[in-house]
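This is what each chain is made of:
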Amino acid sequence: MAERCDETAHLTARERKPRVSAKLVAPDRLAEAATRYMDCEALAYWARQALERESEPPAEVVRELERRCPGYLDAGLKARVQESSGATREWQRLMLWVADHFFEEAKTEGWFEAILIQVRSHPRAIRTMEYADQCDESWDSELPSPYPSFEDWRRDADSYVELTVN
């Protein structure tokens, strides 16, 4: 009976769809895809401050994006589109590009939403997001020089612990 139970029965349609999508993929394949997505998301967080400035991004960011996301900078996505608040949406554009280029199969097969669910609750992804927010605050007025390598930034993000909770 438990095997036939629908654990999504009490969820709204919006909540149910992503959870049902996890049943369309083997658990190990989903876990591998979630890990790859977290790596791509970390890259986007690392590059965000550099990409969202009006000046040219540091060479380190350009090299890493060209290596890990070939074609992204050449696709015209580098053009800055300003929102009414003055902030740009380069981070979102990069993540959409990543989804379209690196997760096309998951999207086509209908289980991309399951990746997002896995990532949103993963401790490493949460730690990375919190570290990125801390970097945004400290780099608000000026980017660090030299800009940290992605590997160094990722290592720092993995060990980040917020000592004061608001």
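That block above? That's the structure.
Please read these numbers as outputs of a predicted model, since none were measured by experiment.

Basis of the calculations
Residues numbered from 1 in each chain as written. Predicted model: local features only at pLDDT ≥ 70, side-chain atom pairs only at ≥ 80, totals over all residues. Heavy atoms only, no water. Buried < 20%, exposed > 50% of the residue type's maximum accessible area, 1.4 Å probe, protein only. Helix = DSSP H or I, 4+ residues; strand = E, 2+ residues; numbered from the N terminus. Contact = heavy atoms within 4.5 Å. Axes fitted to C-alpha atoms, helices over the stretch in contact; angles between N-to-C directions. Parallel < 35°, antiparallel > 145°, perpendicular 65-115°, else oblique. Left-handed = near helix turned anticlockwise from the far one by under 90°. Phe/Tyr/Trp six-rings, centres within 6.5 Å; stacked < 30°, edge-to-face > 60°. Lys NZ or Arg CZ within 6 Å of the ring centre and 35° of its normal. Salt bridge = Lys/Arg side-chain N within 4 Å of Asp/Glu carboxyl O. Polar contact = N/O pair within 3.5 Å; in protein donor to acceptor, adjacent residues only side chain to side chain. Nonpolar A, V, L, I, M, F, W, Y, C, P; charged D, E, K, R; others polar. Core = buried A, V, L, I, M, F, W, Y, C linked by side-chain atoms within 4.5 Å.

### Re helix H3 (residues 59-68)
Then step 1. Among the residues making up H3, those that are buried are Glu60, Val61, Val62, Glu64 and Leu65.
Then step 2. For H3, the secondary structure elements touched by its buried residues are helix H2 (27-51), helix H4 (90-102) and helix H8 (150-158).

### Thoughts on the packing of H2 against H3
Axes are the key here: two packed helices are described by the angle between their axes and the distance separating the axes.
Then step 1. With their axes 10 Å apart at the nearest point, H2 and H3 run at an angle of 140° to one another. The orientation of H2 with respect to H3, classified from their angle, is oblique. Both H2 and H3 take part in a crossing whose hand is left-handed. Contact residues: Leu43, Trp46, Ala47, Ala50 and Leu51 in H2; Glu60, Val61, Glu64, Leu65 and Arg68 in H3.

### Some points on the packing of aromatic side chains
Then step 1. For the structure shown, the criterion picks out 11 aromatic pairs.
Then step 2. Considering the side-chain rings of Tyr72 and Trp97, the 5.6 Å spacing of their centres and the 70° angle between planes classify their relative orientation as edge-to-face. Placement of the pair is Tyr72 in the loop between H3 and H4 and Trp97 in helix H4, with a sequence separation of 25 residues.
Then step 3. These aromatic residues form a ring-pair network of at least three members: Trp46, Trp139, Tyr147 and Phe150.
Then step 4. Directly above the aromatic system of Phe112 lies the positively charged group of Lys107, at a separation of 5.9 Å from the ring centroid.

### Here's the deal with the pattern of salt bridges
Then step 1. Under the criterion given, the structure shown has 18 salt bridges.
Then step 2. Among the ionic pairs, Arg67 bridges to Glu151, the shortest N-O distance being 3.7 Å. With Arg67 in helix H3 and Glu151 in helix H8, this pair connects stretches of sequence that are 84 residues apart.
Then step 3. For Arg67, a relative accessible area of 53% gives the class exposed.

### A look at the side chain of Ser149
Then step 1. On the secondary structure map, Ser149 appears in the loop between helix H7 (123-138) and H8.
Then step 2. A distance of 3.1 Å separates a polar atom in the side chain of Ser149 from the backbone nitrogen of Asp152.
Then step 3. With residues up to four places along the chain from it excluded, the contact list for Ser149 reads Trp46 and Glu60.

### Looking at the packing of H2 against helix H6 (residues 112-120)
Then step 1. Where H2 meets H6, the axes come as close as 9 Å, and the angle between the chain directions of the two elements is 65°. When the axis of H2 is compared with that of H6, the two are roughly perpendicular. Of the two possible hands of crossing, H2 and H6 adopt the one that is right-handed. Where H2 abuts H6, its residues Leu30, Ala33, Ala34, Tyr37, Met38 and Glu41 lie against Phe112, Ala114, Ile115, Leu116, Gln118, Val119 and Arg120.
Then step 2. Per-class residue counts for the contact of H2 with H6 are 10 nonpolar, 1 polar and 2 charged.

### Concerning the nonpolar core
Then step 1. In terms of nonpolar packing, the biggest core is built from 46 residues, with Ile115 and Trp153 touching the most fellow members.
Then step 2. For this core, the elements supplying multiple residues, two or more each, are H2, H3, H4, H6, H7 and H8.
Then step 3. With 14 residues, H2 is the single largest residue contributor to this core.
Then step 4. Excluding anything up to four places from it in sequence, Trp153 contacts Ala42, Tyr45, Trp46, Thr128, Tyr131, Ala132, Cys135, Trp139 and Pro148.

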